[in-house]
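For reference, the chains in residue letters:
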Amino acid sequence: MAADHPHGALFRVLVPNQHSRVTYAELFFDLVFVYAVTQISHFLLGRLTALGALQTILLFLAVWWGWVYTTWVTNWLNPEKTPVRILLFLLMLGGLVLSMSIPQAFEARGLWFALAYAAMQVGRTAFWLTATPRARSATRLSAIRILAWLTASAVFWILGGLSEGQGRLELWGVALAIEYVSPIARFWTPGLGASTVQDWFVEGGHMAERCAGFIIIALGESIVVTGATFADLDWTAANIAAFVAAFVGSVAMWGIYFNRGAEAGSELISKAEDSGRVARSAYTYLHMPIVAGIILSAVADEILLKHSSGHTEVATMLTAVGGPLVFLVGTILFKFDIRGFLQLSHAAGIAALLGLGWFATALSPLVLSALTTAVLVVVAIWESISLRTQAEAHASATSA
């Protein structure tokens, strides 16, 4: 994070032009968030109302922030070191409590959710501060700033856990607002001022690979939901068609994200002088709608598999169209941030989904699923052809 050169005992040793690999301890840590993503999708399935959607958004934002902050810290600290591994294992324990609390986060287990989340955020940052030698003055100041902001938000998390109903929702909303505004404010703290972009230096390849890994987690959860739901159904022609549409939709989302998008992002952030800025915008903020869109699509797939025929309810339409829509909005913004131009295929896909939303309730769930999947497939193929054409044109111009 800091530009200081002396290495702390627990910090990664960065080698020029060499990618810091993702460790097995980090991948082990991610397993908890497979469970968390599943819990969030099931939470929304049981609460397909405006209030349920708002509560789900709040829970998702907390889970994502807890995971991405850990990713930042393990970009600086070395998970091969025993104390850092112990930190990750403790965070896994906190993540399990957090995940188990999600179904009743707005009922009986609100305080458990709040305590687990606050402990993860404050504890991780306190460990990072303690592990940072005094010679790394810029890093220590950044850790102090971040710890101050997270401690402030923790107060509202716990107060919300002690409250009920609307009060809990409002207090947790304040807590999230504090946490999500803090990086934009560069963690400005009285007496210390704000961090600089140089203070946020990251090993770009590692950050890109970690966030791509979370996309795989979300897509994997989608595949599991599709398979588990279909296994309990009668294998009729309609249900098989719905299953195929759900599976192809997941594959198309994989193609849209990983077809040069993830690779281009990794290349950019690895070479960027302001890697901290790219990590903050492209990976910390703009990956949120990508993951949210995949989770929402998984919810839609489960609904559509169970109710492939008949009338499309408004809630079904909002998840079936909203999932791919939020996903494409996230990917077009992510790719704009790393490429500098808006992907026409994605813009066309967004327009098509918005148009589909106008008459979606007049379609059967199966037809709606097939059409949203078709939009994603067209976007994936269109982008692939477009990028190949650009590459060939560039190679031709270079050789000329």
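J.: Is there a simple way to explain the overall build of the protein in this structure?
T.: The number of helices and strands found in the protein is 14 helices and zero strands. Going residue by residue from the N terminus, the α and β elements of the protein occur as α-α-α-α-α-α-α-α-α-α-α-α-α-α. The C-alpha radius of gyration of the protein comes to 22 Å, within 12% of the 21 Å expected for a compact globule of 400 residues. Each principal axis of the C-alpha distribution contributes one length, and for the protein these read about 70 × 65 × 35 Å.

J.: Help me understand the packing of aromatic side chains, please; the structure alone is not making it clear to me.
T.: Ring pairs (aromatic) are described by centroid distance and by the angle formed between their planes. Scanning all chains against the criterion turns up 23 aromatic pairs. Here the aromatic rings of Phe-28 and Phe-89 are separated by 6.1 Å at their centres, their planes lie at 75°, and the arrangement is edge-to-face. Note that Phe-28 is positioned in helix H1 (residues 24-45) and Phe-89 in helix H3 (residues 82-101), a separation of 61 residues in sequence. A residue is classified by how much of its surface remains accessible, and Phe-28, at 42% relative accessible area, is partly exposed. Among the residues examined, Phe-89 registers a relative accessible area of 39% and is labelled partly exposed. Ring pairs connect the aromatic residues Phe-43, Phe-106, Phe-113, Tyr-117, Trp-157 and Trp-172, which therefore count as one cluster.

J.: Whenever I open this one, the pattern of salt bridges confuses me. Can you help?
T.: Oppositely charged side chains may form a pair once their charged atoms are brought near each other. By the definition in use, this model includes nine salt bridges. The salt bridge partner of Glu-80 is Arg-21, with a shortest N-O separation of 2.6 Å. On the criterion of sequence distance, the pair formed by Glu-80 in the loop between helix H2 (50-76) and H3 and Arg-21 in the segment before H1 is long-range, its members being 59 residues apart. Taking relative accessible area as the criterion, Arg-21 reaches 43% and is therefore assigned partly exposed. Two residues, Arg-210 and Asp-30, come together in a salt bridge whose shortest N-O distance is 2.6 Å. Placement of the pair is Arg-210 in helix H7 (residues 204-231) and Asp-30 in helix H1, with a sequence separation of 180 residues.

J.: I tried to follow the nonpolar core on my own but got confused; where do I start?
T.: If you look at the biggest cluster of nonpolar residues, it comprises 101 residues, and the most contacted ones within it are Phe-33, Trp-64, Phe-113, Trp-157 and Phe-327. Here this core gets 13 residues from one element, more than from any other, and that element is H2.

J.: What is the right way to look at unusual backbone geometry in this model?
T.: Across residues other than glycine, the phi torsion is negative in most instances, and most of the peptide bonds are trans. Even without glycine at this site, Arg-186 takes up a positive phi of about 55°. As for its position among the elements, Arg-186 is in the loop between helix H6 (165-181) and H7. Positive phi values are uncommon outside glycine, yet Phe-187 reaches one of about 55°. A relative accessible area of 6% means that Phe-187 is categorised as buried.

J.: Explain H6 to me, please; I cannot follow it from the model alone.
T.: End to end, H6 covers 25 Å across 17 residues, agreeing with the expected 24 Å (1.5 Å per residue, within 8%). Listed in full, the buried residues belonging to H6 are Arg-168, Leu-169, Trp-172, Ala-175, Leu-176, Ile-178, Glu-179 and Tyr-180. In the core, the buried residues of H6 are packed alongside H2, helix H4 (110-131), helix H5 (137-162), helix H10 (275-285) and helix H11 (287-306).

J.: Help me understand a nonpolar patch on the surface, please; the structure alone is not making it clear to me.
T.: Together, Ile-223, Trp-235, Ile-240, Val-244, Phe-247, Val-248 and Val-251 make up an exposed nonpolar region whose accessible area comes to about 610 Å². Per-element accounting of the nonpolar patch gives the leading share, five residues, to helix H8 (residues 237-258). Summarising the element assignment, Val-244 is placed in helix H8. On the accessibility criterion, Val-244 (42% relative accessible area) is partly exposed.

J.: Looking at this structure, I do not really get the confidence of the model for the protein. What am I missing?
T.: In the predicted model, the protein carries a mean pLDDT of 89, and the fraction of residues at 70 or more is 91%. Note on residues 1-7: pLDDT under 50 across the span, and 25 contacts to partners over four residues away in sequence or across chains.

J.: How should I be thinking about the side chain of Ser-153 in this particular structure?
T.: In this structure, Ser-153 sits in helix H5. Ignoring sequence-local partners within four residues, the contact set of Ser-153 consists of Ala-175, Ile-178 and Glu-179.

J.: Please explain the packing of H8 against H11 as it appears in this structure.
T.: The packing of two helices is summarised by the inter-axis angle and the distance between the axes. Two numbers describe how H8 lies on H11: the axes approach to 10 Å, and their chain directions differ by 170°. Comparing the axis directions of H8 and H11 gives the class roughly antiparallel. Together, Asn-239, Ala-242, Phe-243, Ala-246, Ser-250, Met-253 and Tyr-257 of H8 and His-287, Ile-290, Ile-294, Ser-297, Asp-301, Leu-304 and Leu-305 of H11 make up the contact between the two elements. Partitioning the contact of H8 with H11 into residue classes produces nine nonpolar, four polar and one charged.

J.: Would you explain the side chain of Ser-182 in this entry?
T.: Structurally, Ser-182 is set in the loop between H6 and H7. A polar contact of 2.7 Å, which involves the side chain of Ser-182, links it to the backbone oxygen of Glu-179. Non-local contacts of Ser-182, meaning those with residues more than four positions away in its chain, are made with Tyr-69, Trp-149 and Phe-187.

The rules behind these values
Every residue gets a number counted from 1 within its own chain, in the order that chain's sequence is written. Totals for whole chains, interfaces and linings use every residue, but because this is a predicted model, local features are given only for residues with pLDDT of at least 70 and side-chain atom pairs only at 80 or more, for both listing and counting. Side-chain metrics rest on all non-hydrogen atoms present in the structure, leaving aside hydrogens and water. A run of H or I in DSSP counts as a helix once it spans at least four residues, and a run of E counts as a strand once it spans at least two, with each numbered from the N terminus. Restricting the calculation to C-alpha atoms gives the radius of gyration, and the globule rule supplies 2.2 Å times the number of residues raised to the power 0.38. Only centres within 6.5 Å qualify two rings of Phe, Tyr or Trp (six-membered ring in Trp) as a pair; their planes then separate them into stacked at under 30 degrees, edge-to-face at over 60, and tilted for everything else. Buried residues are those whose accessible area, probed at 1.4 Å on protein chains only, stays under 20% of the maximum for their type, while exposed residues exceed 50% and partly exposed ones sit between those limits. What counts as a salt bridge is simple: a side-chain nitrogen of Lys or Arg found within 4 Å of a carboxyl oxygen of Asp or Glu. Residue types Ala, Val, Leu, Ile, Met, Phe, Trp, Tyr and Cys, when buried and joined through side-chain atoms within 4.5 Å, form a set referred to as a nonpolar core. Expected span of a helix: the number of residues minus one, times 1.5 Å. Residues are treated as being in contact if the distance between any of their heavy atoms lies within 4.5 Å. Like-charged residues within 9 Å of one another, or nonpolar side chains (Val, Leu, Ile, Met, Phe, Trp, Tyr) within 5 Å, are grouped into patches, provided each residue has over 30% relative accessible area and no salt bridge. For accessible areas, the Shrake-Rupley method is used with a probe of radius 1.4 Å. Any residue's cover is judged against the shown protein chains and nothing else. For every residue, the predictor assigns a confidence score, pLDDT, that lies between 0 and 100. Between N-to-C directions, angles span 0 to 180 degrees; the directions come from axes that are lines fitted to C-alpha atoms, helices contributing only their stretch in contact. Angle categories: roughly parallel below 35 degrees, roughly antiparallel above 145, roughly perpendicular from 65 to 115, and oblique for all the rest. Amino acids are sorted into nonpolar (Ala, Val, Leu, Ile, Met, Phe, Trp, Tyr, Cys and Pro), charged (Asp, Glu, Lys and Arg) and polar (every other residue, Gly among them). Any pair of nitrogen or oxygen atoms within 3.5 Å is treated as a polar contact; in protein, a donor-acceptor pairing is required on top of that, and neighbouring residues in sequence qualify only through side-chain atoms on both sides.

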